[in-house]
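As a plain string of letters, each chain reads:
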Amino acid sequence: MRALALGLMMAAGLAVAAPEASKRPVARAGTDARNVVRDAAVAPVVPTVASAVPSAAILPESATSLRPALRPKAIVEKAMARRAERRRGQVCGDPDLQGDFVGFVPGRINGCGISEAVRLRSVSGVTLSQSALMDCTTAKALKSWTERGAKPALRSTGGGLASYRVAAHYACRTRNNQPGARISEHGKGRAIDISGFQLQDGTTLTVLNDWNSRHRRALRSMHKAACGPFGTVLGPNSDRFHRDHFHFDTARYRGGTYCR
């Protein structure tokens with residue numbers, strides 16, 4: 001009897017230890033491990049010692065991904081500071097127009113003056129050789145031409161456009177300074193004259209010297225692109241007063257843009 005009881009106890013001990021000694025079944029060739037995991041999630045869970053093995057142990061390496069690293073705090077703060085600076089320097093409600101709000105500018109003769117003037121320093125990243133006084137309509141027209149005309153025309157020349165050489169902006173005077181002529185659009189803050197373009201590599205193109213040079217295609221393209229954003233566009237082919245610069249103003253005519 002003692003021998004029989006001892007034999008029964010040994011058999012029971014082996015039965016309890018059996019699950020610990022057993023190995024996890026290996027998936028058959030061609031079986032997708034992800035399907036195994038999905039099927040296991042649907043099937044009823046039988047509490048065994050083997051079920052304590054982490055499920056990630058049978059996931060393929062490609063099924064796991066690392067969480068992307070967060071941007072360093074210093075980079076985020078620098079970007080936020082740059083954005084805040086642009087907002088502080090914006091005029092006409094546009095961060096691409098950097099300058100100062102001036103307000104009312106009186107004229108010394110009847111017909112001159114600007115009701116809400118801004119002093120523009122740069123437009124769409126292109127600086128002005130001198131800050132230019134104008135109204136917001138003209139500033140926005142300059143931005144439109146810069147982005148759709150000037151920058152594309154000079155994109156492949158000297159690294160691209162960097163700065164405008166401003167020949168004239170607000171001035172209370174008659175057209176072309178001629179006695180008895182009408183008040184110029186310059187006297188209303190609606191005009192800007194540009195005589196040259198500085199490129200990223202330091203090269204300067206001028207209307208006077210390059211209208212017929214090897215860069216003539218770029219200059220003529222810019223002149224043509226201004227016909228639309230501006231109401232009046234004058235260049236070297238218009239008259240003797242504009243042989244060395246482009247004149248742009250935002251006067252509007254029933255017949256459309258006056259472009260010469």
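Notes on the structure in this doc start here. As the structure is a prediction and not an experimental result, all values here were calculated from the model.

1. What about the overall build of the protein?
If you tally the helices and strands in the protein, you get 6 helices and 10 strands. Out of the 260 residues belonging to the protein, those deemed buried represent 35%. The contacts in the protein between residues at least 6 apart in sequence include a share of 54% that link residues at least 24 apart.

2. Focus on unusual backbone geometry
In the Ramachandran plot, Ser 124 falls in the positive-phi region, its phi being about 50° despite a non-glycine side chain. Within the secondary structure, Ser 124 sits in the loop between strand E3 (113–123) and strand E4 (126–135). Residue class for Ser 124 comes out buried when judged on its relative accessible area of 9%. Its identity as a non-glycine residue notwithstanding, Asn 177 has a phi of 60°, on the positive side. Mapped onto the elements of the fold, Asn 177 is located in the loop between strand E5 (161–168) and strand E6 (191–199). Taking relative accessible area as the criterion, Asn 177 reaches 52% and is therefore assigned exposed.

3. With respect to the nonpolar core
Core analysis: the largest hydrophobic core is formed by 35 residues, its most contacted members being Leu 120, Leu 142, Trp 145, Tyr 164, Ile 192, Phe 197 and Phe 248. Secondary structure elements with two or more residues in this core: E3, E4, helix H4 (136–153), E5, E6, helix H6 (216–225) and strand E9 (246–249). Among the elements that make up this core, the one with the highest residue count is H4 (6 residues). One finds Ala 117, Leu 133, Cys 172 and Ile 183 within the second-largest nonpolar core, a separate group that totals 8 residues.

4. Points about the packing of aromatic side chains
Throughout the structure, instances matching the rule amount to 8 aromatic pairs. Summarising the aromatic geometry, the rings of Phe 197 and Phe 246 are spaced 6.2 Å apart at their centres and angled 55° between planes, so their arrangement reads as tilted. Here Phe 246 lies in strand E9 and Phe 197 lies in strand E6, a separation of 49 residues in the sequence. Classification of Phe 246 by relative accessible area gives buried; the value is 0%. Note on Phe 246 and Phe 248: the rings are 5.9 Å apart at their centroids and 35° apart in plane angle, and the pair reads as tilted.

5. Brief notes about the packing of H4 against H6
Contact geometry for H4 and H6: axes closest at 8 Å, N-to-C directions at 170°. One element, H4, and the other, H6, form an angle in the roughly antiparallel class. Contacts between H4 and H6 involve Trp 145, Gly 149, Ala 150 and Ala 153 on the former and, on the latter, Ala 218, Ser 221, Met 222 and Ala 225. For the contact of H4 with H6, the class distribution of residues is 6 nonpolar, 2 polar and no charged.

Conventions we followed
Residues numbered from 1 in each chain as written. Predicted model: local features only at pLDDT ≥ 70, side-chain atom pairs only at ≥ 80, totals over all residues. Heavy atoms only, no water. Helix = DSSP H or I, 4+ residues; strand = E, 2+ residues; numbered from the N terminus. Buried < 20%, exposed > 50% of the residue type's maximum accessible area, 1.4 Å probe, protein only. Contact = heavy atoms within 4.5 Å. Core = buried A, V, L, I, M, F, W, Y, C linked by side-chain atoms within 4.5 Å. Phe/Tyr/Trp six-rings, centres within 6.5 Å; stacked < 30°, edge-to-face > 60°. Axes fitted to C-alpha atoms, helices over the stretch in contact; angles between N-to-C directions. Parallel < 35°, antiparallel > 145°, perpendicular 65-115°, else oblique. Nonpolar A, V, L, I, M, F, W, Y, C, P; charged D, E, K, R; others polar.

Honestly, it's all geometry; don't read function into it.
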